[in-house]
Amino acid sequence: MTHRFSFFVMLIVVVTLLPEVVICGLFLPSWPVWAQWAYALTIAWAVFAVIVMQTWLLGHVRSIRLFFATFLFLITPKLLFAILAPIAGVIVGLAAGTLFFLAALYGFFWGWRRLVATHVECSSPTLPAAFDGYRIVQLTDLHLGSLVGHPDFIDRVVETANALHPDLIVFTGDLVNHNVEEAAPFVDALSRLSAPDGVLSILGNHDELGLKYAKYMRPLHEKMGWHLLMNEHMMLTKGDDSIAIIGVETTSPPPFKSTGDLGKALQGIPSDTWKLLLSHDPSHWRKEVLGKTDIPLTLSGHTHGAHLRLWRWSPARLMYREWGGTYREGSQMLHVSLGICGTVVFRLGAWPEVSVITLRKNHTKP
């Protein structure tokens, strides 16, 4: 377990217990007995959900959903009350907790359907002239197991992507939650994704699940007309110019398994070729790409923006230095898409997105 993940777990424990300490110390003694017992049950449930969250290490989707729902609808409203009530009064504390609860309801029933398109430019002086203005649509984190019963939403995703008239469509991992059968109801719809240079894809940590299902993924992608890159690359050519699209398997810190091999994927690419890397986990960029390779552009997903973004802040920042949007250092750029869905069908602020990346040849060096 990484230090960052350990910190995240400890933070969750503190956030869960802090409101209980405040509320039990300041308010609970004055409540009637029946209210005290009822509140005790909410404490027991919150503690149970935190304990169950630990099974995240084993990848149990239902455990993640149980904890996430408890955090949204129980822990966070109580935390807001515990912080504000002693300072601004019980009414203000109750109002804040209630408003968050209502916002969470919106995210649960409607927010996850609020599909948006984000537009990004990647300027590079080394981009071949023929690819100036080249448009790439990035899709990521479909998590189709969570969308069973909602084929209309996937239809909207496909229609939105095609309507953006990309030259290339890329998918950066997590097609399913738990097994390949989850994709079956959506194969026809996803087969309709269309671009002149096709659809290129990679696997995410949920697609691999310790390599249990990875071997079934290539036939599935081929059935949809997608070209799956597993530590491989593909050359795209326009006239006399070429660029390389590189796809690696998951390269993530624990508790996820890491099977990516960037060195293998780069083999055979001429050194002066302009490169675009598809890597599911954005932490791979700083670990192995930034300052260590000449790859100008990396596209990732994985974080979902923790499904929650309040203005420019998201809980995802507690786990990932680069968690959503565009990051640039020197001549290298990373774009992290917030993705389409997740193991939890909920979005608030971190709306599901289709990303459009336009390549530009910058004639002045950065």
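For the structure itself, consult the block above.
Figured I'd write up the structure that's included with this text. Predicted model only: the values in this text are computed from it and were never measured.

## Some details on the layout of surface pockets
The computed volume of the second largest pocket comes to approximately 300 Å³. Contributing to the lining of the second largest pocket are 19 residues, with Ser-124, Pro-125, Pro-296, Ser-331 and Gln-332 lying nearest its centre. Those elements giving two or more residues to the lining of the second largest pocket turn out to be β1 (116–124), β8 (274–278) and β11 (332–336). Among the elements that make up the lining of the second largest pocket, the one with the highest residue count is β1 (three residues).

## Some words on helix α4 (residues 90–109)
With 20 residues, α4 should reach 28 Å at 1.5 Å per residue; the first-to-last C-alpha distance of 29 Å fits that figure. All of the buried residues in α4 are Gly-93, Ala-96, Gly-97, Phe-100, Ala-104 and Gly-107. For α4, the angular spread of buried residues about the axis comes to 95°, placing them on one side. The exposed set on the far side of α4, more than 90 degrees from its buried face, consists of Ile-91 and Leu-99.

## A few points about the pairing of strand β10 (residues 325–329)
Sheet topology note: the β10/β11 ladder contains five bridges and is antiparallel. Of the residues in β11, the one forming a bridge with Thr-326 is His-335.

## Things to note about the sheet that holds strand β3 (residues 168–172)
Taken in spatial order, the six strands of this open sheet run β1-β12-β2-β3-β4-β5, and their pairing is mixed. A single partner strand is all that each edge strand has here, and the edge strands are β1 and β5 (226–228). Between one strand axis and the next, the sheet turns by 25° as a mean value, whatever way the strands run. Here β3 pairs with strand β4 (residues 199–202) via four bridges, running parallel. Paired with Val-170 across the bridge in β4 is Leu-200. The sheet contacts of helix α5 (residues 151–163) involve β2 (135–139), β3 and β12 (353–361), and relative to β2 the element is tilted by about 165°.

## Some remarks on unusual backbone geometry
Here the phi dihedral of His-143 falls at roughly 50°; this positive angle occurs in a residue that is not glycine. Position of His-143 relative to the elements: it lies in the loop between β2 and α5. We note that Asn-231 has phi near 55°; this positive angle belongs to a residue other than glycine. With respect to the helices, strands and loops of the structure, Asn-231 is situated in the loop between β5 and β6 (232–238). Taking relative accessible area as the criterion, Asn-231 reaches 6% and is therefore assigned buried.

## Some thoughts on the environment of Gly-263
By secondary structure assignment, the location of Gly-263 is in helix α9 (residues 262–266). Residue Gly-263 is classed as partly exposed on the basis of its relative accessible area of 41%. A C-alpha to C-alpha distance of 9.5 Å links Gly-263 and Val-248, two positions 15 residues apart in sequence.

## Examining the packing of aromatic side chains
Scanning the entire structure with this criterion turns up ten aromatic pairs. Seen from their ring centres, Phe-73 and Phe-108 are 6.2 Å apart, and the 85° between their planes marks the pair as edge-to-face. Here Phe-73, found in helix α3 (residues 61–88), pairs with Phe-108, found in helix α4; they are 35 residues apart in sequence, far enough to count as distant.

## As for the sheet that holds β8
Taken in spatial order, the six strands make up an open sheet running β6-β7-β8-β9-β11-β10, and their pairing is mixed. On the outer flanks of this sheet lie β6 and β10, each paired with one strand and no other. In this sheet, adjacent strand axes meet at a mean angle of 20° when their direction is disregarded.

Reading the values: the criteria
Numbering of residues starts from 1 in each chain and follows the order in which that chain's sequence is written. This being a predicted model, a pLDDT of at least 70 is required before a residue's local features are given, and a value of 80 or more before pairs of side-chain atoms are given or counted; all residues contribute to the totals for chains, interfaces and linings. Side-chain measures here rest on the full set of heavy atoms in the structure, leaving out hydrogens and waters. Cavity means a closed set of points on a 1 Å grid over the protein atoms alone, one where a 1.4 Å probe fits but cannot get out, pocket means an open set with protein on both sides within 12 Å along at least 5 of 7 lines, and lining means a residue has an atom within 4 Å of a point. Grid points are joined across faces, edges and corners, and a volume is the space filled by probe spheres set on the points. Numbered from the N terminus, helices here are DSSP runs of H or I no shorter than four residues, and strands are runs of E no shorter than two. Multiplying 1.5 Å by the residue count of a helix minus one yields the expected span of that helix. Note on classification: 1.4 Å probe, protein chains only; a residue is buried when its accessible area is under 20% of the maximum for its type, exposed when over 50%, partly exposed between these limits. Note that the arc is computed from the directions linking the helix axis to the C-beta atoms. Any two strands with at least two DSSP bridges between them are considered paired. Note on method: axes are straight lines fitted to C-alpha atoms, helices fitted across the in-contact stretch only, with angles between N-to-C directions ranging 0 to 180 degrees. By the convention used here, residues are in contact when the closest approach between their heavy atoms is within 4.5 Å. Here is the rule: rings of Phe, Tyr and Trp (six-membered ring for Trp) pair when centre to centre is within 6.5 Å. Planes less than 30 degrees apart are stacked, more than 60 are edge-to-face, and the remainder are tilted.

Such coordinate-based values are descriptive only and should not be taken to indicate function.
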